[in-house]
Amino acid sequence: MPDHQLIIIGGGLSGLAAGIRAARFGLKPLIVEQHSLPGGLNSYYFRQGHLLETGLHAMTNFAPPGLKHAPLNRLFRQLQLSRKEFTTHEQIESEVIFPQTSLRFSNDLNLLCEEIAVRFPAAIDRFRALVKEVDAYDPFAERPWQSARAFLRSRLADPLLEDMLLLPLMVYGNAEEDDMDLGQFAIMFRAVFLEGFFRPSGTIKDLLELLLAHYKHFGGEIRFRAPVAQILHEGEQVRGIRLQSGEELFAAAVLSTVGIPGTAEMSGWPLQASRYTGRMSFMETITLLPELRLPPERSGKTIIFYNQKERLAYHRPSGPIDASWGVICFPGNFHGMLHDGPAQVRVTNAANYDLWRQADEAEYLRLKEVCGQQAGAAVRKILGDCCQHPLFQDSFTPLTIERYTSKCAGAVYGSPVKIKSGKTPWRNLFIAGTDQGYLGIVGAMLSGVTIVNQHLLK
Amino acid sequence: MTRDDIKYLILDIIQDIDDEAEFDNLDEDKPLRDQLDLDSMDFLDIVMELRKRHKLQIPEEDYPQLATLMSCVNYLEPKLKDA
Ligand SMILES: Cc1cc2nc3c(=O)[nH]c(=O)nc-3n(C[C@H](O)[C@H](O)[C@H](O)COP(=O)(O)OP(=O)(O)OC[C@H]3O[C@@H](n4cnc5c(N)ncnc54)[C@H](O)[C@@H]3O)c2cc1C
């Protein structure tokens, strides 16, 4: 007899959601997490008395309670969490800023339409038609890869508008470089422009604690500081796992949320690792300020997506970071958020994993310093001097992401090639999370739920 | 279980799945999914809850028999007579 019906590798958002779903229906799962905290890519740490979040600029897929078919509400029902008791704060307004022009958007699609009507008058009717088309598109049907850029080119016939719409969608959920799959584009377009950004009240810590308590309430078990070294198998079946400590645990099924390359390494799955290793990684700098004084034209913004070149270069940069485009997020600028404590600004830029990897310790620290200054200079062009004299500043790099999540090469969005079925060569080993194809916080959780429904509950 | 017990069981399960479900105007002979705006994921949960609560295994080909409240009662009555 195996010790467990289900072992889940990884206590990130997909692992927790999968665990809740399995435990709710009596599967008695065990989650094994290498770290001392849950959350994976979306977690938190403490420095100098401040709680700092990793990830969670905003959650996508906003939906008010009551809209039953919205992904967010469907997720809550699946996890048996009360949507009504979950307080959400919608974004105020975000902006895509290019040298040529800018576009504001909020959770009300009308704002984006008005902006496009003013700045791209020739394209507004085409944009409205595109919205209808994307809304009707089924992104979950299995189809061959299709270019989102080719689609946008044929529908909008405006390369600048195309780049401006793609920037937020790519930076919040594209594992590929330069282009993205049309299905993934449709998922992100709905998640960002049709549904929108919000934050739960509190921090990611509160959300993780809510999920963990719910998981335990259903009888789920979790072990921290339990890195998995190997997935054990025999013939067509996996038997369980071996922890780095040497301890072996047996299970009727194993669900891995550590990504395709990591799962392959632990199981000996023969696949071409390079094909499944993403190239997009990021550096993020978190700055705490006594107060946020934005220039008037930017005040009250929630997220700024900027590009300081003519065209968008969504690919791995040739230097350690590319500060010419990126994201500036103000986690305090959501409707109805309480402001106590310092104001936060988070800046994210694309980074080159290899260059960070090659650096020795002294060089790594120097890079952090230099790149932090580059990011700061880019931000000053947009926000003026508002980020001078920080109370505190810290940044994380592709190596930090790799170290804390085991995402191969620090690739936040995982493999450019996804395995939507969640299946592996072993009948009872499945994958969920980033490399199954759903991205972001809501996406990762839906992935965990979907894989448990499809393969473990039926 | 009596037919009424089974009816309340189903309603209780649906309430558990969707805390916003409204039963005031529910027509027992019309599909539950349309009236309550449930999707296929929710529907699977009715089956899962029956399994959890009463150890009932419902094969996939029988799912259509759970379409309306009345058809649920008819289908489950023999299976739950000793419950
Ligand atoms: C800087 C940054 C900002 C982001 N911002 C947002 C945002 O604002 N909004 C949004 O929606 N999404 C955001 N994301 C994306 C989001 O965080 C991810 O899509 C999502 O959290 C992925 O969840 P996951 O469960 O698939 O993977 P992970 O979170 O990576 O979970 C995998 C887990 O497995 C564990 N693990 C790995 N290897 C082992 C092993 N051998 N043994 C045991 N455990 C192991 C890891 O420690 C980790 O906890 C952001 C990501 C980053 C990095």
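Residues numbered from 1 in each chain as written. Chains lettered and ligands numbered in written order. Predicted model: local features only at pLDDT ≥ 70, side-chain atom pairs only at ≥ 80, totals over all residues. Heavy atoms only, no water.

(A) Highlighting the layout of surface pockets. Here the second largest pocket defines a volume of roughly 1,400 Å³. In terms of lining, the second largest pocket is formed by 48 residues, of which the most central are P139(A), F140(A), I187(A), K420(A) and Y438(A). Of all the secondary structure elements, the ones that give two or more residues to the lining of the second largest pocket are α2 (71-79), α7 (182-195) and α13 (440-457) of chain A together with α3 (40-54) of chain B. Ranked by residues supplied to the lining of the second largest pocket, first place goes to α7(A) with eight residues. Of the residues that constitute the lining of the second largest pocket, the class distribution is 19 nonpolar, 16 polar and 13 charged. Looking at which domains feed residues into the lining of the second largest pocket, each of domain 1 (4-84 + 202-276 + 417-456) and domain 2 (101-194) of chain A gives three or more. (1 Å grid on protein atoms, 1.4 Å probe; cavity = no way out; pocket = protein on both sides within 12 Å on 5 of 7 lines; lining within 4 Å. Points joined across faces, edges and corners; volume = space filled by probe spheres on them. Helix = DSSP H or I, 4+ residues; strand = E, 2+ residues; numbered from the N terminus. Nonpolar A, V, L, I, M, F, W, Y, C, P; charged D, E, K, R; others polar. Domains from an automatic or database assignment.)

(B) Helix α5 (residues 148-156) of chain A, seen in detail. All names here are of chain A. All of the buried residues along α5 are A148, R149, F151, L152 and L156. What you see down the axis of α5 is that its buried residues fit within an arc of 160°, all on one side. Packed against the buried residues of α5 are α4 (124-136), α6 (159-171) and α7. The residue sitting at the N-terminus of α5 and contributing the capping side-chain oxygen is S147; that oxygen lies 3.2 Å from the backbone nitrogen of R149. In the stretch just after α5, A157 is the one whose phi turns positive, near 50°. (Buried < 20%, exposed > 50% of the residue type's maximum accessible area, 1.4 Å probe, protein only. Arc of directions from axis to C-beta. Contact = heavy atoms within 4.5 Å. Polar contact = N/O pair within 3.5 Å; in protein donor to acceptor, adjacent residues only side chain to side chain.)

(C) View of the pairing of strand β14 (residues 303-307) of chain A. Residues and elements named next belong to chain A. Here β14 lies mainly inside the structure; five of its five residues are buried. Side chains I303, F305 and N307 of β14 all project onto a buried face; the interleaved residues I304 and Y306 project onto the opposite face, where all are buried too. Of the strand pairs in this sheet, strand β6 (residues 94-97) and β14 are connected by three bridges, and their pairing is parallel. For E95, the partnering residue across the bridge sits in β14 and is I304. Of the pairings in the sheet, the one linking β14 to strand β15 (residues 321-329) comprises five bridges and is antiparallel in character. The residue of β15 that forms the bridge with Y306 is G326. (Pairing = 2+ DSSP bridges.)

(D) Region of interest: the interface of chain B and chain A. With 19 residues of chain B in contact, the opposing surface of chain A contributes 18 residues. The contact between chain B and chain A buries some 1,800 Å² in all, and 45% of this surface belongs to carbon and sulfur atoms. At the junction of chain B and chain A, the tally comes to seven salt bridges. A salt bridge links E49(B) to R24(A); the nearest nitrogen and oxygen atoms lie 3.8 Å apart. Counting the contacts that link chain B with chain A gives twelve residue pairs in polar contact (both at pLDDT 80 or more). Elements supplying a minimum of two residues to the side of chain B that touches chain A: α1 (3-17) and α3 of chain B. For the side of chain B that touches chain A, the element with the highest residue contribution is α3(B), accounting for eight residues. Class assignment for the residues of the side of chain B that touches chain A results in seven nonpolar, no polar and twelve charged. (Buried area = accessible area lost by both parts, 1.4 Å probe. Salt bridge = Lys/Arg side-chain N within 4 Å of Asp/Glu carboxyl O.)

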